[in-house]
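# Observations on the model geometry
Residues per chain, in single letters:
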Amino acid sequence: MLSVNNIEVIYDHVILVLKGVSLDVPKGSVVAILGANGAGKTTTLKAISNLLQAERGDVTKGSIDFDGTQVHDLSPNELVKRGCIQVMEGRHVFEHLTVEENLLTGAYTRKEGRAAISEDLEKTYSYFPRLKERRTSQAGYTSGGEQQMLTIGRALMSKPKMILLDEPSMGLAPQLVEEIFEIVKDLNQREGVSFLLAEQNTNIALRYADYGYVLENGRVVMDGEGAELRENEDVKEFYLGMGGAGRKSFRDGKNYRRRKRWL
Amino acid sequence: MEILTTIFIQPFFDMAADPILFLQVIWEGFVTGILYSLIALGFVLIFKASGVFNFAQGIMVVFAALTLVGLHENGIPAYIALPITILVMYALAFSVERLVLRPLVNQPDIILFMATIGVTFFLIGFGEFIFGGEPKMMITEELLLPYGSITFFDDMLILQEIDIAASGIAALALIFLALFLGKTKIGIALRAVADDNQAALSVGVSLNTIWVLVWFISGIIALITGIMWGAKSDVSFALSIIAFKALPVLILGGFTSVQGAIVGGLIIGIGEKIGEFYWGDLVGGSIESWLAYMIALVFLLFRPQGLFGEKIIERV
Ligand SMILES: Nc1ncnc2c1ncn2[C@@H]1O[C@H](COP(=O)(O)OP(=O)(O)O)[C@@H](O)[C@H]1O
Ligand SMILES: [Mg+2]
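Computed from a predicted model, the values in this text were never measured in an experiment. (Residues numbered from 1 in each chain as written. Chains lettered and ligands numbered in written order. Predicted model: local features only at pLDDT ≥ 70, side-chain atom pairs only at ≥ 80, totals over all residues. Heavy atoms only, no water.)

### Brief notes about the overall build of chain B
Counted only if it meets this: Helix and strand assignments follow DSSP, with helices taken as H or I runs no shorter than four residues and strands as E runs no shorter than two, numbered in order from the N terminus. C-alpha atoms define the radius of gyration in this analysis, and the globule rule sets the expected value at 2.2 Å times the number of residues to the power 0.38. Only protein chains enter the accessibility calculation, which uses a 1.4 Å probe; a residue whose area is less than 20% of its type maximum is buried, one above 50% is exposed, and one in between is partly exposed. Any two residues whose heavy atoms approach within 4.5 Å are treated as being in contact. Asp and Glu count as negative and Lys and Arg as positive, but His and the ends of the chain are not part of the count. To locate a charge, take atom NZ for lysine, CZ for arginine, CG for aspartate or CD for glutamate.
Summing up its helical and strand segments, chain B has 13 helices and two strands in all. Expected size for 316 residues packed as a compact globule is a radius of gyration near 20 Å; at 21 Å, chain B falls within 12% of this value. Its C-alpha atoms put chain B at 65 × 60 × 35 Å along the principal axes. For chain B, the proportion of its 316 residues judged to be buried stands at 47%. Long-range contacts, defined here as pairs at least 24 residues apart, represent 74% of the contacts in chain B between residues at least 6 apart. Averaging the positions of the 13 positive and the 24 negative side-chain charges in chain B gives two centres separated by 18 Å.

This is the structure we're talking about:
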């Protein structure tokens, strides 16, 4: 479905952020990109959705293939039409629009008539019953959890094949995070939507992901099946906070050798 | 004491003494206010949707009116000249997007502002080159606008029919705009862009399309304003000074509020006429040029966020 081949991303013509990232998202799967703040997760997702251009970022090497086409020359608008949509980190709802209007903007690129759109609106509400209750409220006045649901529901309204989901857990209570990941799983299984999600919350991401990539400083340092990664000693130590001697500093010599090995 | 009375008491006494005259003054102010509102509205729409402080808004009014009248002068009947003018405004919106906004996207706001100054001078030069610089008459009659007047209270209150028509057309335009922004897919997308253009981009809204659209809408509003204003005076580049009246309206109404533009325009229009009529003699007339700013500033003392300064929604 999606394959990213050895891409390099440069911001402002000089700042090299991704240094050869490759990853694959098979059709119908949930794949996670893990890594600390600043690792390059968001940049990777934006390189795929082509939202990078609006930030003066550019893919200078490598290629990205979505559903059989190179995405490099496609606008975000064309990518959404082809079924690849990004949910940006930080819950970007349209604050002064109502919840329902927000959902409708998700269907902007669709050409079907009103009937098809309102059918999908109902379907979206069935996944997010809370949004239905708040359909006429201004989105800016809904809670953080509702806003996160709204951005995912809005993406769903575009009838996507794949959703690029950036840090859905950010700033939300654990219970809500769990609820949102359950919905992601549901959408994946029942609607067949593939997911590529970026997360700092390694623990929950690996419980729901089929496959994971660990990103550090713009490079993939490790990858594997979700379950496999969860059992991996290094992941446990650095990302799940379960190391024998507790979390260690990255400057620690032992860590350094380990990270070397990943390269 | 004498002076205090003439400033603070006498004018109000005059108002009460002849309420019909007072009504007439308010009506005159209201009619001018509508035009201020329309200009400010075109400005606000562009500012909201593309973040551009459009210096050319006033000139667009003149350019639209000039095109309409100029086409008619060249023998094209009004019912054809009008749609052609609308097309010209579309071409203008399209060119501004292609030649100004798109190449300058991601540049600092001040650069875009300067670019609109460039657009202003281009429109002046282009308009004069094609249609000549001398003042022209608006083709009121050919556009089927009424020109008589209606009187009330034994001819004490006189309403020009063109003013009544102007109010009606402005109201219609506003209703149209409200329906468009509230109910249509592209109208909702336009508001989405105004709220968060990154997020709008992410759901597949093409910002370029929206920019063309919003400049086109502003162009149509400019055309309506130009026809109405032109019907009251000549069509010439001197008209563009009304654009300077938009600034106090924006200070008052806020740069991002549609309601603010409308109500602000009316307040400035009415305030100005009342000020001029009842206090004008005290300062030797011609207070119209700065009174609007006074009104806006006094308002700001009490409401620094402007009239309707869009509520900033704090995230929890
Ligand atoms: N628009 C930008 N211009 C310049 N540098 C950027 C920009 N966006 C992100 N970066 C840099 O790229 C690196 C990766 O950022 P990002 O992809 O946001 O990481 P993550 O999502 O994993 O936290 C960071 O060092 C960040 O400072
Ligand atoms: Mg990020």
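The rest of the description comes next.
### Considering the coordination of the magnesium ion (ligand 2)
All names here are of chain A. Worth spelling out the cut-off: Water is not among the atoms examined, so metal sites may look incomplete; donors are the N, O and S atoms within 2.8 Å of the metal, or within 3.2 Å for Na, K and Ca.
Within the protein, T42 (OG1) and E89 (OE) serve as the donor atoms for the magnesium ion (ligand 2), at 1.9 to 2.6 Å. In this pair, T42 is assigned in helix α1 (residues 41–49) and E89 in the loop between β6 (84–87) and α3 (99–106), connecting sequence segments 47 residues apart. A residue is classified by how much of its surface remains accessible, and E89, at 28% relative accessible area, is partly exposed.

### Let's talk about the interface of chain A and chain B
Let me state the cut-off plainly: As a working definition, buried area equals the accessible area (1.4 Å probe) given up by two parts on being put together, with both sides summed. Here, a salt bridge means any side-chain nitrogen of Lys or Arg that lies within 4 Å of a carboxyl oxygen of Asp or Glu. Polar contacts here mean pairs of N or O atoms no more than 3.5 Å apart (in protein, one a potential hydrogen donor and the other a potential acceptor; neighbouring residues in sequence count only if both atoms are side-chain atoms).
Tallying the contact residues gives 33 residues for chain A and 24 residues for chain B. A combined buried area of about 2600 Å² lies between chain A and chain B, and 53% of that area is made up of carbon and sulfur atoms. Per-residue buried area on chain A facing chain B is highest for F94(A), H96(A) and Y108(A); these three make up 27% of the total on that side. Along the contact surface separating chain A from chain B lie one salt bridge. Of the charged contacts, one joins R191(B) and E101(A) as a salt bridge, the two residues approaching to 2.9 Å between their closest N and O atoms. Where chain A touches chain B, the interface holds seven residue pairs in polar contact (both at pLDDT 80 or more).

### Notes on the pairing of strand β9 (residues 211–216) of chain A
Residues and elements named next belong to chain A. Threshold: Pairing between strands is defined by DSSP: at least two bridges between them are needed.
Where burial is concerned, most of β9 is hidden: five out of the six residues are buried. Here strand β3 (residues 30–34) pairs with β9 via four bridges, running parallel. Paired with A32 across the strands is G212, a residue of β9. Inspection of the sheet shows β9 paired to strand β10 (residues 219–225) by six bridges, in the antiparallel sense. Residue Y213 lies in a different strand from β10, and its bridge partner there is D223.

### Considering the environment of M149(A)
Residues and elements named next belong to chain A. Examined against the element boundaries, M149 turns out to sit in helix α6 (residues 144–156). Residue classification places M149 among the buried residues on the basis of a relative accessible area of 2%. Separated by 21 residues in sequence, M149 and F128 have C-alpha atoms that sit 7.0 Å apart. When sequence neighbours within four positions are dropped, the list of residues in contact with M149 reads F128, R130, L131, L176, E179 and I180.

### With respect to the confidence of the model for chain B
Residue and element names in this part refer to chain B. What counts here: One number per residue, pLDDT, summarises how confident the predictor is, and it ranges from 0 to 100.
Averaged over chain B, the pLDDT score is 86; the fraction of residues at 70 or greater is 96%. Ranking the elements of chain B by mean pLDDT puts helix α1 (residues 2–8) last with 77 and helix α9 (residues 197–202) first with 94. Predicted complex, confidence summary: ipTM 0.87, pTM 0.87.

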